[in-house]
Structure formats: C-alpha cells, structure tokens
Amino acid sequence: MSHVSDRDVPTAGCTTCRPNAATPFASVLAPLLAAIVAMTPFAAHAAQPDTDIGTVMAGPGRQDARAFSPERGPADAFLQDSPVSLDAGCLQSSYPDQVEKITTDAEGTWVVLRTGQRILYASPGVQTVTAVDDHDVDVRTSMRQIYPLDPDRPDTPVGFEPGRLRSYALLRALYGGDPAQVRRGLTSVDFFGSSVSMARPAARALERVRGRLFPVVAKDVSLLEWLHPAGGQIWRKIAGESRLSPHSFGIAVDLAPDRSAYWRWAKVSPHPQQRSYPEVIVSAFEEEGFIWGGKWHEFDTMHFEYRPELICKARHLQGVGTTPEESPEAGGEGPRTKLSTSF
Ligand SMILES: [Zn+2]
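Residues numbered from 1 in each chain as written. Predicted model: local features only at pLDDT ≥ 70, side-chain atom pairs only at ≥ 80, totals over all residues.

**Here's the deal with the overall build of the protein**
For the protein, the helix and strand inventory stands at 10 helices and 10 strands. Taken over 343 residues, the protein has a buried fraction of 48%. Restricting to contacts in the protein with at least 6 residues of sequence separation, those with at least 24 account for 69%. (Helix = DSSP H or I, 4+ residues; strand = E, 2+ residues; numbered from the N terminus. Buried ≥ 20, exposed ≤ 12 C-beta atoms within 10 Å, placed from the backbone. Contact = placed C-beta atoms within 7 Å.)

As structure tokens, then:
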C-alpha cells in the first residue's frame, strides 16, 4: 500500500548496455537515464526525507569496480554508498514479476513488491554501513559491495565479501518464507548428468550456464571434474552459523566439493584456488546472474549463487552490459538434492 507521501524512485537505465540487449532494463529503463540532469547522492537524500526523490539519481556517477580493489586499504573501502536509482533499476530488471518500484517516505526507502509488500531498502538518515559480521542487512547494504566480474580476481582481505551480505526479508519475499513456500517454487534441472533442484528462475539460469559450458567442455573434458553438482535447494543454516543458507531459498548450487576450498576448513587463506579456478566456468555463471563464492574473504569455491541484481550492477559499473533476462516466478516442485558441506 503506497503512502500518499511516497515518492517513486526513477530507475537508472543502463547507459552501457549492449545495444541489442532486448531486456526490460535496456529497452525500457535506459531511455530514462538520458533525461536525468540532477545528480544528487542518495546519502544526502536519506538525511532529508522531504527531498523530491524524483531528482535523486546516480549519485557519484559511474565508478569502476576496480576502484574497490584491496590497494584501497581496509574493508570499509569496499562499502560504498550505492546510487539508489542504479540499485532500483537492477532490482526491477532482475525481478520484474515481483519488484514494482522503490519509494521513500518518512520511515525509510522501500522496495515495493507487486503484492504491496514493502522490503526495507534503507532507513532514513542512516549513512553508516551495517557491521560486516551482521549478514542480515537492508537491501541497500546487500548491494553495496561491488562484485568483481571475471577475469577480475582481486585480493580478498577481511570484509571483502560482495554478495555475502543478504537481505533475508527480500529473499523470503522473492522465494518463500518457509520450506513449504520455497518448495512450491522449485524445479529441477539436469546439470552435466546430475539433477539440481532450484528456484525456477535460478534453475533456468543454470540451464543457460550449461548451454554456455557445453561447447567449452567438448573442447576440454577435464573441466567436467569441476562440474559435479553436490547441493541445490535445502532448508538449512550455514555451516557454523545461525543464519539460513542461501541454499534454503533454492538460489545456490555447489559444484565439486571434493575439489573445492572452504574458508572454515582450509589450511591457507587466501586460497590459491581463488585465483586458479577455471575462468571459463566462473564467467559462464556470472554471465547468467550467478556470483561465485571464491571472491569472498571467507571463500567458498564450490558455491555459485543466483544474485542477478549484483551482476547487473557490476556490469553497469564496469560498462560491459546489462542484466540476465530471467525473473523469478512461482509454481512447480522438484526433488531435493543432497546436503552440501558448506554454504
Ligand atoms: Zn553453497
């Protein structure tokens, strides 16, 4: 339900999208950016709720994700204010069937779903970031660290964990708040000979990853050793933690755990595999909206997680294109896969 004082946040189109990208983000939203003349940082607006958010756009402007590389120093160098319009555009284009708009009122800025449900994007006046050990955050914080797209494999100092901070309120709204709700949105997909159960949009994205990898594997069959799925949807907590794993929502798949490295069990950190893991695999997943856990300080190299809004944002900031095209939707059930050992 919209409040009368709500103000819609216009969505920033992707000025760097591929010209032929027939996505809502590129074809519908991109022209909006051309009309933008006001460039006011979101943080300034957040401190002044009465500001007309219709003029609040792409904040500090385009930034290169490499600007968040470790040479900038401590972890807070990675925690940058996000331009709300870019976040809004990526959320809408990633989840067009669920996300209607972003609005702001005296109580905060909200991701408004088509059901009318509101998910906290940011509290008013809050310009500091959530502590890095609190992984259930508002949506703005969940999108704040810029995920480095392959071939970028930056160092991963303490606090570097793009995508590891999540808005569980958003995940529950998108995929279901309990096991039964999540199960209704699952489907199964064959991935190089094994069945994986995932939320329907993630499963479709995984099918596209498979399509990208088929010709690559045909040329180099040794890559198959990395492509054994070991865990899709399962309602459980993260190993050693009290919060739910993203596997609970059917958005993550683990590959080849016997070959992979996990920060809790590894003897070295950073782990050489964070650099050596086959780029062709990581890139195929990233192209379809998945982030890779090998790019976190608390690395999990088996873990691929469907977070298309983060890939959208990274691609926009790096000027290499736009978002994957799929959107989550409900319905269907599929078999569960076995428990994975980490995320
Ligand atoms: Zn995992």
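**Comments concerning the packing of helix H3 (residues 84–94) against helix H10 (residues 308–318)**
Put simply, H3 and H10 touch, their axes get as near as 8 Å, and they point 130° apart. Classified by the angle between their axes, H3 and H10 sit oblique to one another. The chirality of how H3 crosses H10 is right-handed. Where H3 abuts H10, its residues Leu-86, Asp-87, Cys-90, Leu-91, Ser-93 and Ser-94 lie against Pro-308, Glu-309, Cys-312, Lys-313 and His-316. (Axes fitted to C-alpha atoms, helices over the stretch in contact; angles between N-to-C directions. Parallel < 35°, antiparallel > 145°, perpendicular 65-115°, else oblique. Left-handed = near helix turned anticlockwise from the far one by under 90°.)

**Some remarks on the packing of helix H7 (residues 200–219) against helix H9 (residues 279–287)**
Between two packed helices, what matters for the description is the angle formed by their axes and the separation of those axes. Direction vectors running N to C along H7 and H9 enclose 150°, while the axes themselves pass 8 Å from each other. Regarding the angle of H7 to H9, the classification is roughly antiparallel. Crossing of H7 over H9 shows right-handed handedness. Contact residues: H7 offers Val-209, Arg-212, Leu-213 and Val-216, while H9 offers Val-280, Ile-281, Ala-284, Phe-285 and Glu-287. Looking at the contact of H7 with H9 residue by residue, the classes come out as seven nonpolar, no polar and two charged. (Nonpolar A, V, L, I, M, F, W, Y, C, P; charged D, E, K, R; others polar.)

**Things to note about the nonpolar core**
Counting residues in each nonpolar core, the largest one holds 58 residues, and the members touching the most others are Val-111, Met-198, Ala-199, Ala-202, Leu-206, Ile-251 and Phe-285. In terms of residue count, the dominant contributor to this core is H7 (six residues). Counting residues in each nonpolar core, the second largest holds five residues, with Phe-160, Ala-261, Tyr-262 and Trp-296 among its members. (Core = buried A, V, L, I, M, F, W, Y, C linked by C-beta atoms within 7 Å.)

**Some remarks on helix H5 (residues 168–175)**
Along H5, the residues that are buried comprise Leu-170, Leu-171, Leu-174 and Tyr-175. Each buried residue of H5 lies within a common arc of 100° when the element is viewed along its axis, so the set occupies one face. Next to the buried residues of H5 lie strand E3 (108–113), strand E4 (118–122), helix H4 (139–142), helix H6 (179–184) and strand E6 (194–199). (Arc of directions from axis to C-beta.)

**With respect to the pairing of strand E8 (residues 252–255)**
Residues Ala-252 and Asp-254 point to one face of E8 and Val-253 and Leu-255 to the other, with burial holding for every one of them. In this structure, strand E7 (residues 229–231) lies alongside E8, joined through two bridges in antiparallel fashion. Note on E8: the bridge partner recorded for Pro-229 is Leu-255. As paired strands, E8 and strand E10 (residues 303–306) are joined by three bridges and run antiparallel to one another. Following the sheet pairing, Asp-254 is matched in E10 by His-303. (Pairing = 2+ DSSP bridges.)

**Brief notes about unusual backbone geometry**
It is generally the case that most residues other than glycine have a negative phi and that most peptide bonds are trans. Of note, the bond from Asp-150 into Pro-151 is cis; its omega dihedral lies within 30 degrees of zero at 10°. Note the cis peptide between Ser-269 and Pro-270, where omega equals 0°. With respect to the helices and strands, the residue Pro-270 is situated in the loop between E8 and helix H8 (273–276). With phi around 45°, Ala-256 is a residue other than glycine that occupies positive phi space. With respect to the helices and strands, Ala-256 occurs in the loop between E8 and H8. The partly exposed category is assigned to Ala-256, around which 16 C-beta atoms lie within 10 Å.

**Points about the environment of Glu-107**
Relative to the helices and strands, Glu-107 is located in the loop between strand E2 (99–105) and E3. With 17 residues separating them along the chain, Glu-107 and Pro-124 place their C-alpha atoms 6.3 Å apart.

**Remarks on the sheet that holds strand E9 (residues 290–292)**
The four strands are arranged E7-E8-E10-E9 in an open sheet whose pairing can be described as antiparallel. Looking along the sheet, the strands with just one partner apiece sit at the ends: E7 and E9. Ignoring which end each strand starts from, the neighbouring axes of this sheet average 35° apart.

**Here we look at the confidence of the model for the protein**
Confidence in the prediction of the protein, expressed as mean pLDDT, is 74, and 66% of residues score 70 or more. Across residues 1–77, confidence stays below pLDDT 50; counting only partners more than four residues off in sequence or on other chains, it has 148 contacts. Within the model, the stretch residues 322–343 combines pLDDT values under 50 with 94 contacts to residues more than four positions away or in other chains. (pLDDT = per-residue confidence, 0-100.)

**Considerations on the pairing of E6**
Sheet analysis places strand E5 (residues 186–191) next to E6, joined by six bridges and oriented antiparallel. Counterpart to Leu-186 in the pairing with E6 is Ala-199. Counted along the chain from E5 to the antiparallel partner E6, the turn is two residues long, and its residue Phe-192 has a positive phi close to 50°.

**Some words on the environment of Ile-102**
Here Ile-102 lies in strand E2. With 16 residues separating them along the chain, Ile-102 and Arg-118 place their C-alpha atoms 9.0 Å apart.

**Describing the environment of Tyr-168**
Mapped onto the secondary structure, Tyr-168 falls in helix H5. A count of 18 C-beta atoms within 10 Å places Tyr-168 in the partly exposed class. Filtering out sequence-adjacent residues up to four positions away, Tyr-168 remains in contact with Asp-136 and Leu-244.

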